[in-house]
Amino acid sequence: MALLDTLRSPLGFLQSRLPTIPHLDVLAAEQEWWKTEGVAISGTIDRAGTPWVRMFDQSGRRVDEILYPREYETMLRKGSRSGVVWRALEEKSLIPAYLLMYTISFYDPGVCCPYTVSLGTAVPLAKYGSAELQARFLPQLLRKDDSVWQGATWMTEVGGGSDLGAGIKTIARPGADGWLLTGDKYFASNAAAELAVVAARPEGAPPGVRGLALFLVPRYRKNEDGSLNRFIRRLKDKIATRSVPTGEIELRDSEAYLLGPADAGIYLILEVLNLSRVANSVVSVALAQRAMADALAYGECRTAFGKRILEHPLLRRQFDDRLKSLRSAFALAWESVRLLDQVWMERPPYSERYHLFRLVAHLAKYWTAEFAVDTAKWAMEVHGGLGTLAEYGAERWLREAMILAIWEGTSHRQILDGLEVMERKQAHKMLFAQLAEIAPAAELQEMESEVQRLLNLPPDQKEAEAEAVFRRLAVLSAEQLSRKYSQ
Ligand SMILES: Cc1cc2nc3c(=O)[nH]c(=O)nc-3n(C[C@H](O)[C@H](O)[C@H](O)COP(=O)(O)OP(=O)(O)OC[C@H]3O[C@@H](n4cnc5c(N)ncnc54)[C@H](O)[C@@H]3O)c2cc1C
């Protein structure tokens, strides 16, 4: 039972996997807050359903406020104060931020979306914003009290999120002080954020992804009369998480500021996505752990055929096997955190290590999200019929897990982008060289030839056959890396 006990708390699991954990006291306090206050708030917000948008105030002025239960702010600000964003830039490391996200998402996976997109706003601003832009906006994103600003990362439009080059129709025109953006963003999480990074095409730029640029868009116009710089058309009434408001955003000559060189925009967009994909992997593993912890608690008290269901050999084996898979999934996700932590300040042209990171991040995003959905489904089954009821956590974890394989790039996207970085940058060779230090040579050689065979296929066949190979590569990498994290 001792091994299964590590499932019961996020910090307990992290301590069982990582030799050193910075700011243990901060994580312990975060975990305690969630147990004593956060869980109740999070449950209430989830049950309250999709929040509303209040579009006009009493004088008829457009305000576009999202009406959440009051406690939502308490919950949201808690993680911000603890350092999901400010620690990254102050400590020049992403490790504390992702450790916090792991701890928090065991209790509420959805709220890590606002944290992730706020990080995805602060980082490009800190890396690519002019000194003036940084002085004007960065301190608000890095505040340590409840006045901290929220960020958002809006790329997807109605035409599609996978093919951004074709899907993005938002146009940027030069304005008096910066740029003016006009277009509609169709999936915009953290819709009321004070700042957003937004992908748009400067007028006259080439078609496709190469013509895209990344802009910073404040919620209010510069004139300081409180007029909105962008509008929330509506919030999505969606399956999955309710602790993140996802809306449709209208940009109408919205004041915007260019980040980095206009012709390098696609690199900046991908850097933002990388931060989110790694967060998605971390959240996926924490969600899977939470689903297992609830299943464990249920299995310990429900009886069938004269004993606790956990004591039945078939179910017990499933728990043991799934714990192994959880540890492997964690190892893969954490490897993507570790590698990102080494390369996140790089700018194009990137190092070889950056390309290795990209491959590991695609493998992790793909595999951990699939694992989270599968585990949430299994945890519901362990609860039997009760698992389908909204009053038990299993129903919520399955609902929340469903989103993880879709946003930040679907599983298809991860496979195809993973294929690309192997083909163009030979990233798999770097991965195999790393794994060679821990993995059995024969298994590795077999995998390597399988990858090479795939890469040598004609284009259509290569795509058609990619998933099985990518999945095997993800599982093998996860299992082998898990040995590293057990040492
Ligand atoms: C709740 C929620 C919140 C979101 N928040 C944000 C946000 O804040 N900012 C943001 O920018 N976006 C956001 N998104 C959008 C999300 O990133 C997209 O939904 C996702 O990237 C997929 O794009 P799409 O929905 O347009 O699907 P499409 O691009 O239309 O794809 C449809 C299907 O076709 C598949 N497909 C596409 N191309 C290929 C191919 N070459 N080979 C095989 N299959 C392919 C896709 O994988 C998918 O299964 C959010 C989405 C949701 C659901």
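Our structure is the block above this text.
Residues numbered from 1 in each chain as written. Predicted model: local features only at pLDDT ≥ 70, side-chain atom pairs only at ≥ 80, totals over all residues. Heavy atoms only, no water.

Student: Quick question: what am I supposed to make of the layout of surface pockets here?
Tutor: A water-sized probe rolled over the atoms picks out the places where empty space is left. Quantified by volume, the largest pocket comes out at close to 1400 Å³. Surrounding the largest pocket, 48 residues form its lining, Gly161, Leu164, Leu273, Arg277 and Arg413 being those nearest its centre. Going through the elements one at a time, β3 (153-154), α9 (164-167), β5 (178-189), α10 (265-301), α12 (352-382), α13 (393-404) and α14 (411-425) are the ones with two or more residues in the lining of the largest pocket. Looking at the lining of the largest pocket, the element that brings in the most residues is α10, giving 7 residues. Across the lining of the largest pocket, the residue classes tally to 23 nonpolar, 13 polar and 12 charged. What lines the second largest pocket is a set of 17 residues, and nearest its centre among them are Ile66, Glu73, Arg77, Ala192 and Arg219. Of all the secondary-structure elements, those providing two or more residues to the lining of the second largest pocket are β2 (62-67) and α4 (71-82). Counting residues per element, the lining of the second largest pocket draws most heavily on α4, at 4 residues. Considering only residue class, the lining of the second largest pocket consists of 9 nonpolar, 2 polar and 6 charged. (1 Å grid on protein atoms, 1.4 Å probe; cavity = no way out; pocket = protein on both sides within 12 Å on 5 of 7 lines; lining within 4 Å. Points joined across faces, edges and corners; volume = space filled by probe spheres on them. Helix = DSSP H or I, 4+ residues; strand = E, 2+ residues; numbered from the N terminus. Nonpolar A, V, L, I, M, F, W, Y, C, P; charged D, E, K, R; others polar.)

Student: Can you help me understand the pairing of strand β6 (residues 195-202) in this one?
Tutor: Two faces belong to every sheet, and in a regular strand the side chains alternate between them. Burial within β6 is extensive, with 8 of its 8 residues counted as buried. Every second residue of β6 is oriented toward a common face, with Leu195, Val197, Ala199 and Arg201 on one face and Ala196, Val198, Ala200 and Pro202 on the other, all of them buried. In the sheet, β3 pairs with β6 via 2 bridges, with the strands oriented parallel. Bridge pairing in β6 places Thr153 opposite Val197. Summarising the sheet, strand β4 (residues 171-175) and β6 pair through 2 bridges and their orientation is parallel. Bridge assignment links Ile171 to a residue of β6, and that residue is Arg201. Two elements, β6 and strand β7 (residues 213-218), share 6 bridges in a ladder whose sense is antiparallel. When the sheet's bridge partners are listed, Ala199 is paired in β7 with Leu214. (Buried < 20%, exposed > 50% of the residue type's maximum accessible area, 1.4 Å probe, protein only. Pairing = 2+ DSSP bridges.)

Student: What is the right way to look at the packing of aromatic side chains in this model?
Tutor: Here the distance between the centres and the angle between the planes together describe a pair of aromatic rings. Counted according to the given criterion, the structure contains 18 aromatic pairs. Here the aromatic rings of Phe13 and Phe330 are separated by 5.6 Å at their centres, their planes lie at 85°, and the arrangement is edge-to-face. Within this pair, whereas Phe13 is found in helix α2 (residues 10-17), its partner Phe330 is found in helix α11 (residues 313-343), the two being separated by 317 residues in sequence. Taken individually, Phe13 and Phe330 each receive the classification buried, so the pair is uniform in this respect. (Phe/Tyr/Trp six-rings, centres within 6.5 Å; stacked < 30°, edge-to-face > 60°.)

Student: It is not clear to me how α2 should be interpreted in this structure. Could you clarify?
Tutor: Every α-helix winds through 3.6 residues per turn, so residues three or four apart in the chain are directed the same way. Buried within α2 we find Pro10, Leu11, Phe13, Leu14 and Arg17. Around the axis of α2, the buried residues are gathered within 160° of arc, so they sit on the same side. Tucked into the core, α2 has its buried residues touching α3 (24-48), α6 (95-105), α10, α11 and α18 (466-486). (Arc of directions from axis to C-beta. Contact = heavy atoms within 4.5 Å.)

Student: Just checking my understanding: could you explain the environment of Ser281 for this structure?
Tutor: By secondary structure assignment, the location of Ser281 is in helix α10. Here the alpha-carbon distance between Ser281 and Glu420, two residues 139 residues apart in the chain, equals 20 Å. Aside from chain neighbours lying at most four places away, what touches Ser281 is Ala333, Ala364, Lys365 and Thr368. A distance of 3.0 Å separates a polar atom in the side chain of Ser281 from the backbone oxygen of Arg277. (Polar contact = N/O pair within 3.5 Å; in protein donor to acceptor, adjacent residues only side chain to side chain.)

Student: What is the right way to read the environment of Ala152 from this model?
Tutor: The topology assignment puts Ala152 in the loop between α8 (131-141) and β3. Separated by 220 residues in sequence, Ala152 and Ala372 place their C-alpha atoms 24 Å apart. In contact with Ala152, other than residues within four places in its own chain, are Val117, Thr121, Ser189, Asn190, Ala193, Leu195, Ala196 and Val197.

Student: Explain the packing of α3 against α13 to me, please; I cannot follow it from the model alone.
Tutor: Two numbers describe a pair of packed helices, the interaxial angle and the distance between the axes. Between α3 and α13, the least distance of the axes is 12 Å, while the angle of their chain directions is 70°. When the axis of α3 is compared with that of α13, the two are roughly perpendicular. The residues of α13 that touch α3, namely those facing Ser42, Gly43 and Asp46, are Arg396, Arg399 and Glu400. When its residues are assigned to classes, the contact of α3 with α13 shows no nonpolar, 2 polar and 4 charged. (Axes fitted to C-alpha atoms, helices over the stretch in contact; angles between N-to-C directions. Parallel < 35°, antiparallel > 145°, perpendicular 65-115°, else oblique.)

Student: What should I look at first to understand the side chain of Ser328 in this one?
Tutor: Counting through the fold element by element, Ser328 comes out in helix α11. Residue contacts for Ser328: discarding those within four places in its chain leaves Ala478, Glu479 and Ser482.

Student: Is there a simple way to think about the site of the ligand in this case?
Tutor: As a structural note, the neighbourhood of the ligand is formed by 20 residues, with Thr156, Gly161, Ser162, Thr410 and His412 the closest of them. In the environment of the ligand, a nitrogen atom lies 2.7 Å from a nitrogen or oxygen atom belonging to the side chain of Thr156. A distance of 3.1 Å is found between a nitrogen atom of the ligand and a backbone nitrogen or oxygen belonging to Phe187. Burial of the ligand by the protein amounts to 68% of the accessible area it has alone, namely 970 Å². Assessed atom by atom at 2 Å from the grid points, the ligand resides in the largest pocket. (Near = heavy atom within 4 Å. Areas by Shrake-Rupley, 256 points an atom, 1.4 Å probe, with all protein chains shown as cover. Sits in = over half its atoms within 2 Å of the grid points.)

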